[in-house]
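# Secondary and tertiary structure notes
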Amino acid sequence: MATVLSLGEAVAELVHDGDTVALEGFTHLIPVEAGHEIIRQGRKNLTLVRMTPDIVYDQLIGAGCASKLIFSWGGNPGVGSLHRFRDAVQHSWPVPLEIEEHSHAGMANRYVAGASGLPFAVLRGYTGTDLPAQTDTIKPITCPFTGEQLTAVPALNPDVTIVHAQRADRAGNVQIWGIAGVQKEAVLAAKRSLVTVEEVVDELEPKPGALVLPTWAVTAVAEVPGGAKPSYAAGYYERDNSAYQAWDLIGRDRDEFTKWLNELTGVKA
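Residues numbered from 1 in each chain as written. Predicted model: local features only at pLDDT ≥ 70, side-chain atom pairs only at ≥ 80, totals over all residues. Heavy atoms only, no water.

What follows covers the pairing of strand 2 (residues 20-23). Strand direction decides the pairing type here: strand 2 and strand 3 (residues 46-50), joined by 3 bridges, are parallel. Pairing of Thr-20 across the sheet is with Thr-47, part of strand 3. With respect to chirality, the unit in which strand 2 leads through helix 2 (residues 32-40) into the neighbouring parallel strand 3 is right-handed. (Pairing = 2+ DSSP bridges. Helix = DSSP H or I, 4+ residues; strand = E, 2+ residues; numbered from the N terminus. Right-handed = clockwise from strand over helix to strand, strands pointing away.)

So, in structure tokens, the structure goes:
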């Protein structure tokens, strides 16, 4: 059953050095403030997992929180590269970063396998690509019924998955609507889960197309208004495109990034 905690309490309890951590959300409901709290609490040696790592992962990598990234596509959406990510891979700054690259379909199927209690997923998606030659966790497999050559990828079971949603009730049931991405699967696949929400309410009102994560599937809920900014939260606020553009200038330069990091963590230069 989910416990309602403050964000600081939830991160302290659920996210540990060396954990495999997924912060999921596809263009929408990205748990940015939770990522910032991980930085503030100084977590290290994390294996970060995400289908589409964007600027919050750039920030986590630049802060030295990550030793490995498992992903499918990485970039500042609509703007360009993730420069802290690039610096870590090319120059090991601030620490070396190992990468494990998959396709979108591969990552999604890995979460589904993890949520289903299966050891691996099977798909056709890597046929004709060079990814199997670059990534050890992509293996050929023969269908026992047709003889077709397919591809297997191992299940993803993060130590902790963090997502953002619009609402939760006081019992810890979570309501999400709009673009849901793989939030549900990522939560169900994880050993522990944290959902930050725009608001905690007495009762969840029905919404067309909404999905509900039941309290038994969630470890903790934290009320964090604006917790997805600068991404957007349907029904609450729009995407802040200027913030993504501004990040490009900050992320390009180590000194500018360090200034940003010191402001986030309260360190005086």
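Still more ground to cover, so stick around.
As a further point, take the environment of Leu-118. Examined against the element boundaries, Leu-118 turns out to sit in the loop between helix 5 (104-116) and strand 6 (120-123). Each C-alpha atom, one on Leu-118 and one on Pro-154, is 8.7 Å from the other, the two residues being 36 residues apart in sequence. Setting aside chain neighbours within four positions, we find Leu-118 in contact with Ala-113 and Ala-155. (Contact = heavy atoms within 4.5 Å.)

Our next topic: the side chain of Ser-231. Looking at the secondary structure, you find Ser-231 in the loop between strand 13 (220-223) and helix 8 (241-252). Owing to a relative accessible area of 0%, Ser-231 belongs among the buried residues under this scheme. When residues no more than four places from it in sequence are discounted, the contact partners of Ser-231 are Thr-27, His-28, Leu-29, Ile-30, Tyr-237, Glu-238, Arg-239 and Tyr-244. (Buried < 20%, exposed > 50% of the residue type's maximum accessible area, 1.4 Å probe, protein only.)

Time to look at the packing of helix 2 against helix 9 (residues 254-265). Helices that pack against each other are described as a pair by the angle of their axes relative to one another and the distance between those axes. For the pair helix 2 and helix 9, interaxial distance at closest approach is 9 Å and the crossing angle is 90 degrees. The angle between helix 2 and helix 9 falls in the class roughly perpendicular. Here His-36, Ile-39 and Arg-40 of helix 2 come into contact with helix 9, specifically with Trp-260, Leu-261, Leu-264 and Thr-265. When its residues are assigned to classes, the contact of helix 2 with helix 9 shows 4 nonpolar, 2 polar and 1 charged. (Axes fitted to C-alpha atoms, helices over the stretch in contact; angles between N-to-C directions. Parallel < 35°, antiparallel > 145°, perpendicular 65-115°, else oblique. Nonpolar A, V, L, I, M, F, W, Y, C, P; charged D, E, K, R; others polar.)

On to the pattern of salt bridges, then. Applying the stated criterion across every chain yields a total of 16 salt bridges. Here Asp-19 ties to Arg-192 by a salt bridge, and the two come within 2.8 Å at their closest N and O atoms. In this pair, Asp-19 is assigned in the loop between helix 1 (7-14) and strand 2 and Arg-192 in strand 11 (residues 192-201), connecting sequence segments 173 residues apart. By relative accessible area, which is 9% here, Asp-19 ends up buried. A salt bridge links Asp-248 to Arg-252, with the nearest nitrogen and oxygen atoms 2.9 Å apart. Of the two residues, Asp-248 and Arg-252 are both situated in helix 8; the distance of 4 residues between them amounts to about one turn of the helix. (Salt bridge = Lys/Arg side-chain N within 4 Å of Asp/Glu carboxyl O.)

With that settled, consider the pairing of strand 4 (residues 66-71). For strand 4, the buried fraction is high: 5 of the 6 residues fall into the buried class. Read from strand 3 through helix 3 (residues 55-62) to strand 4, the crossover connection turns out right-handed. Here 4 bridges tie strand 4 to strand 5 (residues 98-101), and the two strands are oriented parallel to one another. Bridge pairing in strand 5 places Ile-70 opposite Glu-100.

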